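# Inside the fold
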Amino acid sequence: MASKVFLKYVRVPPRKARLVADMLRGRSVEEATAILKFTTHKSAPTFAKLVKSALANATSQKKVDPDSLYVKEISVDNGPIMKRFTARAMGRGTRVNKRTSHITVVLDER
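We now turn to the structure provided with this report. Predicted model, so just to flag it, every value in this text is computed and none were measured.

About the criteria used
Residues numbered from 1 in each chain as written. Predicted model: local features only at pLDDT ≥ 70, side-chain atom pairs only at ≥ 80, totals over all residues. Heavy atoms only, no water. Axes fitted to C-alpha atoms, helices over the stretch in contact; angles between N-to-C directions. Helix = DSSP H or I, 4+ residues; strand = E, 2+ residues; numbered from the N terminus. Parallel < 35°, antiparallel > 145°, perpendicular 65-115°, else oblique. Left-handed = near helix turned anticlockwise from the far one by under 90°. Contact = heavy atoms within 4.5 Å. Nonpolar A, V, L, I, M, F, W, Y, C, P; charged D, E, K, R; others polar. Salt bridge = Lys/Arg side-chain N within 4 Å of Asp/Glu carboxyl O. Buried < 20%, exposed > 50% of the residue type's maximum accessible area, 1.4 Å probe, protein only. Patch = residues over 30% accessible without salt bridge, like charges linked within 9 Å, V, L, I, M, F, W, Y side chains within 5 Å. Areas by Shrake-Rupley, 256 points an atom, 1.4 Å probe, with all protein chains shown as cover. Lys, Arg positive; Asp, Glu negative; His and termini not counted. Charge placed at Lys NZ, Arg CZ, Asp CG, Glu CD. Arc of directions from axis to C-beta. Core = buried A, V, L, I, M, F, W, Y, C linked by side-chain atoms within 4.5 Å.

This next bit is on the packing of helix α2 (residues 29–37) against helix α3 (residues 44–61). Closest axis-to-axis distance for the α2/α3 pair is 9 Å, and the angle between their directions is 155°. Here α2 is positioned roughly antiparallel relative to α3, judged by the angle of their axes. Viewed along their axes, α2 and α3 form a crossing whose handedness is left-handed. Where α2 abuts α3, its residues V29, T33 and L36 lie against A44, F47, A48, V51 and L55. For the contact of α2 with α3, a count of residues per class yields seven nonpolar, one polar and no charged.

Attention now moves to the pattern of salt bridges. The full count for this structure, using the stated rule, is three salt bridges. One salt bridge connects D22 with R25, and the closest N-O pair in it is separated by 2.8 Å. We note a salt bridge from R27 to E31, for which the minimum N-O separation is 2.8 Å. For R27, a relative accessible area of 32% corresponds to the partly exposed category.

Moving on: the environment of T94. Structurally, the position occupied by T94 is in strand β3 (residues 93–109). Accessibility expressed as a relative area gives 34% for T94, which makes it partly exposed. C-alpha of T94 to C-alpha of K49: the two residues are 45 residues apart in sequence and 35 Å apart in space.

Okay, the packing of helix α1 (residues 14–24) against α2 next. Contact geometry of α1 with α2 gives a least axis separation of 9 Å together with a crossing angle of 140°. For α1 against α2, the interelement crossing comes out right-handed. Residue-level contacts link V20, M23 and L24 of α1 to A32, I35 and L36 of α2. For the contact of α1 with α2, the class distribution of residues is six nonpolar, no polar and no charged.

What follows covers a positive patch on the surface. Residues R11, K16, K42, R84 and K98 make up a contiguous surface patch of positive charge. Looking at K16, the relative accessible area reads 53%, which means it is exposed.

This next bit is on α1. Among all positions in α1, only P14, A17, V20, A21 and L24 are buried. Buried residues of α1 fall within an arc of 120° about the axis and therefore sit on the same side. Facing away from the buried side of α1 by more than 90 degrees, the exposed set consists of R15 and K16. On the buried face of α1, the contacting elements are α2, α3, β2 (69–87) and β3.

What follows is about the nonpolar core. Membership of the largest hydrophobic core comes to 25 residues, with the highest contact counts inside it found for L24, L36, F47, L69, I74, I103 and L107. Of all the elements in the fold, those that place two or more residues in this core are β1 (3–10), α1, α2, α3, β2 and β3. With six residues, the top contributor of residues to this core is α3. Sequence-distant contacts of I74, defined by excluding residues within four places in its chain, comprise A21, L24, R25, F47, T104 and V105.

Following this line, the structure appears as structure tokens:
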């Protein structure tokens, strides 16, 4: 394992973030950054920053060739849910769940 990066409490639902994570799993770092550059999902810039950070960590701490790195693991877990209420008819209110994510990216050498 060359580098491992965490990001917690991201204001993106895990279900939507997993769509982007599935596109990156097993890809080289160059290919993953190219995919994220042209992806229109809300979580794409967040994943791009994470991959860039993991790449910087791997190259600075350990003597690793940046061209040989790939996304070994990428996981999106549930974070806490912020519970809010919105107005409905006849004075009622219904709950709105604002979900958060915990994202983990692991880079390794091929």
